Amino acid sequence: MDSWVNSAEILGSDLPLELSGTGNRRAVLMDALREAVRSGRLAPGTRLPPYRSLAADLGLARNTVADAYAELVAEGWLAARQGSGTRVAERAVPVTPVHRPRAPERAARPVHDLVQGQPDPSVFPRTAWLASARRALAAAPDDAFGPGDPHGRPELRRALAGYLARVRGVRAAPERIVLCSGAAHGLRLLAEVVGGPWAAEEYGLPFHRELLASHGVGTRPLGVDADGARVDGLTRRDRAVLLTPAHQFPTGGPLHPARRAAVVDWARATGGLVVEDDYDGEFRYDRQPVGAVQGLDPEHVVLVGSVSKSLSPALRIGWMVLPQRLVAPVVAAKGEREQFSSATEQLTLADFVESGAYDRQVRRMRQRHRRRRDQLVAALHARAPHVRVTGIAAGLHAVVELPPGTERSAVRAAARLGLAVEGLGDYRHPGAGRGPGAPGTPRAGAVGGVGAAGGAGSVRARAAGDTLVPQRDGLVVGYATPAESAYQEALDALCRSLPPVSPPVPAPPRPPAAP
């Protein structure tokens, strides 16, 4: 008896049933099964546990359950087929229509998607990832399957330390890397540990500003021009500054070398923190690699990165390369155990990096994205030569600059054509350009330009002669998202949604000649 019960407990599936009522046990079991089918708990086609397993779970004789199954098959409630087990018969009982309140109609899903922010999911390297997963699981130590260390798996921290040093010029020991579930998670932890207020680029992700605000950290806009963020606007009151130095998001272009030095000098002079969002630093096409600002001063810069652009946002793996003084507070803020990122996926990514598969994937995607970018530029040159495309030397998106006052109408026209695309204005800081605190304007308490670090002249002097890029109209076009088969049609819809050539502005009348 014990042997078959033990075997049934191992091999069977669970089906808890309440055997209440009078009569013999077979009749009570049949009533319970009928009610489970009638109520919809057991849907048509559901496979029932083998009779030996169910008998062991319910404490019944095997013959009792076998007989109940056989009778319900004869009645049409169940169906039995050799090699397929016993299942609930299709349409064992008439389905009573359930009257549910009518759900509100959802907006039609766009036919084409040129929204920035994610790679085409069809290009995820499934075969290489599976090979890494198999190797990682085979070699995983036993503690990988216990409560996770909030610091993150040491295997991945070691792999990232080597990769980031080689590719991004990052200076960090594995002990200074704390794993997280993505850039947003990293910013949330830093907001909790560092506090506010922060400065942020005039153009950036609204989600990041909202996330910081939800943790009590307000942001103040810094102007953005062709050389990146106007860091001369930083003050001693700013606890931190959030930047995208490798490729300003979304306007494009790297932070000028003088400004990179300037922001590090500001952090040293004030005790502030530079938060470097390295969101797509690996994807460049027409320029030499730009190293991370973190390499200039690891004690005053935090580098935040993830695999959301290079692999997939579904992996939920990111990292922070921290100054030594912040490691313990950030780990404490995460909690006693790892709650956000799977240890097995961390181990898989570690193998993926160490084996060279990550480098191969990045190079493959770099070639693919460059080809996509070239298609976008060629289509606009041929069909809309009056618009200008910027921010195309790196990244996964471009900005299509539009005539003043045409951005919202272009977004609406795209929507009518089934194209999802965002306007540049959607990314502008709501406080940008307001009065005396306008972005880029030096304030009382502003840290002066760094002539010593910037070479000839200070950043303040350099900035003073430049003209700030005003709020401008444009579309932020993500060219990494669509599948290959859909990309050309998406470009066609984009070109059709653009405004026509602006009419020439008539010259003002000349004043009459003096007598």
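This text follows the structure it describes.
Parameters and conventions
- Residues numbered from 1 in each chain as written.
- Predicted model: local features only at pLDDT ≥ 70, side-chain atom pairs only at ≥ 80, totals over all residues.
- Heavy atoms only, no water.
- Helix = DSSP H or I, 4+ residues; strand = E, 2+ residues; numbered from the N terminus.
- Buried < 20%, exposed > 50% of the residue type's maximum accessible area, 1.4 Å probe, protein only.
- Contact = heavy atoms within 4.5 Å.
- Areas by Shrake-Rupley, 256 points an atom, 1.4 Å probe, with all protein chains shown as cover.
- Pairing = 2+ DSSP bridges.
- Axes fitted to C-alpha atoms, helices over the stretch in contact; angles between N-to-C directions.
- Salt bridge = Lys/Arg side-chain N within 4 Å of Asp/Glu carboxyl O.
- Phe/Tyr/Trp six-rings, centres within 6.5 Å; stacked < 30°, edge-to-face > 60°.
- Lys NZ or Arg CZ within 6 Å of the ring centre and 35° of its normal.
- Parallel < 35°, antiparallel > 145°, perpendicular 65-115°, else oblique.
- Left-handed = near helix turned anticlockwise from the far one by under 90°.
- Nonpolar A, V, L, I, M, F, W, Y, C, P; charged D, E, K, R; others polar.

Caption draft 1: Here's a closer look at the overall build of the protein chain. Secondary structure assignment for the protein chain yields 16 helices and 17 strands. Looking at the protein chain as a whole, 50% of its 515 residues qualify as buried. Restricting to contacts in the protein chain with at least 6 residues of sequence separation, those with at least 24 account for 76%. If you sum the accessible surface of the protein chain, you get close to 25100 Å²; carbon and sulfur atoms cover 53% of it.

Caption draft 2: View of the sheet that holds strand β6 (residues 219-222). Here seven strands make up an open sheet; going across it, the order is β4-β12-β11-β10-β9-β5-β6 and the pairing mixed. Edge positions in the sheet fall to β4 (177-180) and β6, since each of these pairs with one other strand and no more. Sheet twist, expressed as the mean angle between neighbouring strand axes with direction ignored, is 20°. Here strand β5 (residues 198-201) runs beside β6; their pairing, made up of four bridges, is parallel. Opposite W198, over in β6, you have T219 as the bridge partner.

Caption draft 3: The pairing of strand β14 (residues 397-401), seen in detail. With five of five residues buried, β14 lies mostly within the body of the structure. Taking every second residue as pointing to the same face, both faces of β14 are buried, with H397, V399 and E401 on one and A398 and V400 on the other. By the bridge criterion, three bridges tie strand β13 (residues 388-390) to β14 in an arrangement that is antiparallel. Looking at β14, one finds that T390 is bridged to V399.

Caption draft 4: Expanded view of the pattern of salt bridges. Per the counting criterion, the structure on display carries 28 salt bridges. With its nearest N and O atoms 3.4 Å apart, the salt bridge here joins E484 to R371. Taken together, the residues E484 in helix α16 (residues 484-497) and R371 in helix α12 (residues 357-383) connect sequence positions 113 residues apart. By relative accessible area, E484 is classed as partly exposed at 40%. It is possible to trace a salt-bridge network through shared partners that takes in D120, R368, R371, R372 and E484.

Caption draft 5: Fine view of the environment of V301. Mapping V301 onto the fold places it in strand β11 (residues 301-306). For V301, a relative accessible area of 0% corresponds to the buried category. Other than its neighbours up to four places away in sequence, V301 contacts V264, L273, V274, E276, V293, Q294, V321 and P323.

Caption draft 6: Geometry of the packing of aromatic side chains. Scanning all chains against the criterion turns up six aromatic pairs. Taking the centre distance of 5.3 Å and the plane angle of 85° together, the rings of F249 and Y279 count as edge-to-face. In this pair, F249 is assigned in the loop between β9 (240-243) and α9 (257-270) and Y279 in the loop between β10 (273-277) and β11, connecting sequence segments 30 residues apart. With respect to burial, F249 and Y279 carry one shared label: buried. Across the ring face of Y487, the terminal group of R372 is positioned such that the distance to the ring centre comes to 4.4 Å. For R472, the ring lying beneath its charged end belongs to Y203, and the centroid distance is 5.9 Å.

Caption draft 7: Structural context of the packing of helix α2 (residues 25-38) against helix α4 (residues 62-75). Contact geometry for α2 and α4: axes closest at 9 Å, N-to-C directions at 50°. Comparing the axis directions of α2 and α4 gives the class oblique. The way α2 lies across α4 gives a crossing that is right-handed. On the side of α2, the interface is formed by R25, R26, L29, M30, L33 and R34, while α4 contributes T64, V65, D67, A68, Y69, E71, L72 and E75. When the residues that make up the contact of α2 with α4 are grouped by side-chain class, the tally is seven nonpolar, one polar and six charged.

Caption draft 8: Inspection of the sheet that holds strand β17 (residues 474-478) at higher detail. Taken in spatial order, the four strands make up an open sheet running β13-β14-β17-β16, and their pairing is antiparallel. Every other strand in the sheet has two partners, leaving β13 and β16 (422-423) as the edge strands with one partner each. Both β16 and β17 contribute to a ladder of two bridges, which runs antiparallel. If you follow G423 over to β17, its bridge partner there is L475.

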